[in-house]
Each structure stands twice: as C-alpha cells, then as structure tokens.
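Observations on the three-dimensional arrangement
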Amino acid sequence: MTSMELNAEMLRNMSIIAEDENLLKRAVKYLRKLAAEKENDSAEMSSKEFFARVEEARKQPGVMFNNVAELDQYIRSL
C-alpha cells in the first residue's frame, strides 16, 4: 500500500469510530504508544548523523579480501 492509500484507510476507519468516545480514546492511546515507540527507535538516525558516519567511514582505510574464505574468516573474527 502506498502512503496515500494508508492515509485514506486510516481516515476511513477513523470516521467509523468518530462517534464513539470510548473507541476514540482507545485509538488515541494506541497512537500515543506508536509515537513513543518511534521516538525511542535507536536504529533511526537523522540524515545529518548518517552522512557524518559516511564521511567518517570514508576516512578509514579499506579492508580487501582475495577470496570468500578470507572474508568469512574476517567476519567471524569480529
């Protein structure tokens, strides 16, 4: 589903529960929970942080492997 389709689906469902205060309260509670999870997502970083890490990695010397066995040995040593 595209973002627009998901948005439309959410709005359709919200219109169904809009007249029931209890259902709206449950929806708001769940949406707050989802928003808090997103804020606490440590895997997510800003584009500024991402490009800073890319630049830092470019400064590091590269590691070259002659075959898959060398790569495998290197990865297992980490």
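Our subject in this report is the structure included herewith.

Calculation rules
Residues numbered from 1 in each chain as written. Predicted model: local features only at pLDDT ≥ 70, side-chain atom pairs only at ≥ 80, totals over all residues. Heavy atoms only, no water. Helix = DSSP H or I, 4+ residues; strand = E, 2+ residues; numbered from the N terminus. Rg over C-alpha atoms; globule rule 2.2 N^0.38 Å. Buried < 20%, exposed > 50% of the residue type's maximum accessible area, 1.4 Å probe, protein only. Areas by Shrake-Rupley, 256 points an atom, 1.4 Å probe, with all protein chains shown as cover. Lys, Arg positive; Asp, Glu negative; His and termini not counted. Charge placed at Lys NZ, Arg CZ, Asp CG, Glu CD. Phe/Tyr/Trp six-rings, centres within 6.5 Å; stacked < 30°, edge-to-face > 60°. Patch = residues over 30% accessible without salt bridge, like charges linked within 9 Å, V, L, I, M, F, W, Y side chains within 5 Å. Salt bridge = Lys/Arg side-chain N within 4 Å of Asp/Glu carboxyl O.

Helix and strand counts for the protein come out as four helices and zero strands. Its helices and strands taken in sequence order, the protein reads α-α-α-α from the N to the C terminus. Rg of the C-alpha trace for the protein: 23 Å, well past the compact-globule value of 12 Å for 78 residues, more than 25% over. Dimensions of the protein, computed from the C-alpha atoms along their principal axes, are close to 65 × 25 × 25 Å. Per-residue burial for the protein yields a buried fraction of 3% across its 78 residues. Put simply, the protein shows about 7700 Å² of open surface, and 57% of that area lies on carbon and sulfur atoms. Mean positive and mean negative side-chain charge positions of the protein (12 and 14 charges, respectively) differ by 4 Å.

With that settled, the discussion passes to the packing of aromatic side chains. If you walk through the whole model with that rule in mind, you get two aromatic pairs. Judged by centre distance (5.1 Å) and plane angle (75°), the rings of F50 and F51 are edge-to-face. Looking at F50, the relative accessible area reads 42%, which means it is partly exposed. Assessed through its relative accessible area of 53%, F51 is described here as exposed. Both rings, one in F65 and one in Y74, keep their centres 5.3 Å apart while their planes meet at 50°; by these two values the pair is tilted. When its relative accessible area of 30% is taken as the criterion, F65 is described as partly exposed. Y74 sits in the partly exposed class, given a relative accessible area of 35%.

This part is about a nonpolar patch on the surface. Nonpolar side chains collect at one region of the surface, where V63, L71, Y74, I75 and L78 lie side by side and expose about 480 Å² of accessible area between them. Counting through the fold element by element, Y74 comes out in helix α4 (residues 68–77).

What follows deals with the pattern of salt bridges. Side chains that differ in sign of charge can pair as their charged atoms come close. Applying the stated rule across the entire model yields four salt bridges. Across the pair E21 and K25 runs a salt bridge whose closest N-O atoms are separated by 3.4 Å. Here the residue E21 and the residue K25 both occupy positions in helix α2 (residues 21–39), the gap between them amounting to four residues, near one helical turn. Take E21 and K25: they sit in the same class, and that class is exposed. Its salt-bridge partner being R58, residue E55 comes within 3.0 Å of it at the nearest N-O pair. In this pair, E55 and R58 both sit in helix α3 (residues 47–59), three residues apart, roughly one turn of the helix. Residue class for E55 comes out partly exposed when judged on its relative accessible area of 40%.

So, to be careful, I would describe these as geometric facts and stop short of saying anything about function.
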